[in-house]
Amino acid sequence: LPWSARGASSSSSSSGGAGRSDDDWVEVIDPQGSGRKYWWNRATNQTTPLGAARPGTVAARLQTFKDDVSREIHRRRRVMILPGDGGFHGGAGGGGVDGGGGGG
């Protein structure tokens, strides 16, 4: 991800210190003319994907969580697919998988 919701915590904005704050996030209209908006952090120069929620909000955290879960599910599905695995590897009359004799 091009940004981190953890980098813009609401606790730093109330302290008034030199740390990152939610006030550094600015909503920007897509310069490519799509009409969609994204968020840009003036202090860190980080940006969000088009259409993303403001970093640090509950909506942004939920979206990040949903995306992480989706990626994990997809990753697990890819690992479990074993193309060409028929489950039986013994030939007729030959030795079986367990080494025992076949036929006769």
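In what follows, the accompanying structure is described. (Residues numbered from 1 in each chain as written. Predicted model: local features only at pLDDT ≥ 70, side-chain atom pairs only at ≥ 80, totals over all residues. Heavy atoms only, no water.)

All right, on to the overall build of the protein chain then. Looking only at helices and strands, the protein chain has two helices and two strands in total. The order of helices and strands in the protein chain, counted from the N terminus, is α-β-β-α. Here the protein chain holds 104 residues, and the buried ones make up 17% of them. Long-range contacts, defined here as pairs at least 24 residues apart, represent 24% of the contacts in the protein chain between residues at least 6 apart. Carbon and sulfur atoms make up 54% of the accessible area of the protein chain, which totals about 7700 Å². (Helix = DSSP H or I, 4+ residues; strand = E, 2+ residues; numbered from the N terminus. Buried < 20%, exposed > 50% of the residue type's maximum accessible area, 1.4 Å probe, protein only. Contact = heavy atoms within 4.5 Å. Areas by Shrake-Rupley, 256 points an atom, 1.4 Å probe, with all protein chains shown as cover.)

One can find Asn-41 in strand β2 (residues 37–41). Residue class for Asn-41 comes out buried when judged on its relative accessible area of 1%. Beyond its immediate chain neighbours, meaning those up to four positions away, Asn-41 contacts Asp-24, Trp-25 and Gln-46.

The analysis is restricted to geometry; functional conclusions fall outside its scope.
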